[in-house]
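Each chain, letter by letter, is given below.
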Amino acid sequence: MLQTNNKVVIFDTTMRDGELTPGVKMNIDEKISIAQVLEQIGVDVIEVGYPGKYEKDFDEIFQISKIIHKSTICGLASCDRNEILSVAKAIEPADKGRIHTYTLVNIKNKSKLSEEEVLAGIKDSVSLARNYCDDIEWSAFDATRSEPDFLCRAVEVAIESGANTISIPDSLGLLLPEEFAQLLQKIFNRVPNIDRAIVSVHCHDDLGMAVKNSLIALNCGVRQIECSINGLGARKGNADLEEIVEGVLEQKDVSICIETSLIKKASELVSKITGMDNRYVVAL
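Residues numbered from 1 in each chain as written. Predicted model: local features only at pLDDT ≥ 70, side-chain atom pairs only at ≥ 80, totals over all residues. Heavy atoms only, no water.

1. Side note on the packing of aromatic side chains
And step 1. Summed over all chains, the structure comprises four aromatic pairs.
And step 2. Look at tyrosine 50 and tyrosine 54: their rings are 6.2 Å apart centre to centre, the planes differ by 85°, and that puts the pair in the edge-to-face class.
And step 3. On the basis of relative accessible area, tyrosine 54 is assigned to the partly exposed category, the value being 29%.
And step 4. Relative to tyrosine 102, the ring of tyrosine 50 has its centre 6.2 Å away and its plane inclined at 90°; by these criteria the two rings are edge-to-face. (Phe/Tyr/Trp six-rings, centres within 6.5 Å; stacked < 30°, edge-to-face > 60°. Buried < 20%, exposed > 50% of the residue type's maximum accessible area, 1.4 Å probe, protein only.)

2. As for the environment of threonine 165
And step 1. Its place among the elements puts threonine 165 in strand E6 (residues 165-170).
And step 2. When its relative accessible area of 0% is taken as the criterion, threonine 165 is described as buried.
And step 3. Remark: the alpha-carbon pair of threonine 165 and isoleucine 258, spanning 93 residues in sequence, is separated by 20 Å. (Helix = DSSP H or I, 4+ residues; strand = E, 2+ residues; numbered from the N terminus.)

3. Some points on the nonpolar core
In a soluble, globular protein the nonpolar side chains are often hidden away together inside.
And step 1. The biggest cluster of nonpolar side chains holds 84 residues, and the ones touching the most others in it are Trp138 and Ile168.
And step 2. Among the elements that line this core, the one with the most residues is helix H5 (residues 148-160), at seven residues.
And step 3. Once residues within four sequence positions are removed from consideration, isoleucine 168 is found in contact with Ala140, Ala143, Val155, Phe180, Leu183, Leu184, Ile187, Val199, Ser200, Val201 and His202. (Core = buried A, V, L, I, M, F, W, Y, C linked by side-chain atoms within 4.5 Å. Contact = heavy atoms within 4.5 Å.)

Taken by themselves, the reported measurements are silent on function.
Take a look at the structure:
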């Protein structure tokens, strides 16, 4: 699983985080059509939904897992046992499946749990997920507002417990590129087993920095970028897939395997399904 070259993994969350866009809902046929286009484009990982939280997402992941063969099909879960088992069941038909689990790491004012209890929870949840799937992604939810030393310990525990992808999200889109790069550099410098995982970023666009933050992360060693078609996502949205692909292609030290000629098709499809304009619609 660990990457030994400079290929950038493209992780699409149009169907999961994109449904957090106000007014956006997709049915199973619409999600199937999006998944098929994403596979044609060459997207590496397709995050379909959150089955432990939304009942309809289970069927969508299960059905798409039967149809998509080249891309990895992914479902989201918290550290709750039942949510992890829900994803494990939903991706059973997939040729390539991933369980994506997350833990709140900003516990300064939000959690009644101690640091040791949170670390134990990370160990238990990631280990449980690994019992059902070889491809485990763990996200440090609200990483950018967490205590850096604790964040590094949490990342180390997640890798030790079996996570082979570690996501550092700017969950609320709060950081400027220089600040985000500094945080990532701390993680790469301080986590002793960081070389055993692919490090990912998931950037929100609240300050208009989602694409810039994602691309600057590549200079720190990040090799997976989470994005969405037309930048769909919670609040101001996620990093836009096309802009990410364009940005990666401009860099010399990394590579990407994406069929760029089909991105416009995907953008127009998602625009039609969601009723939201895309960058190709010319205002009259």
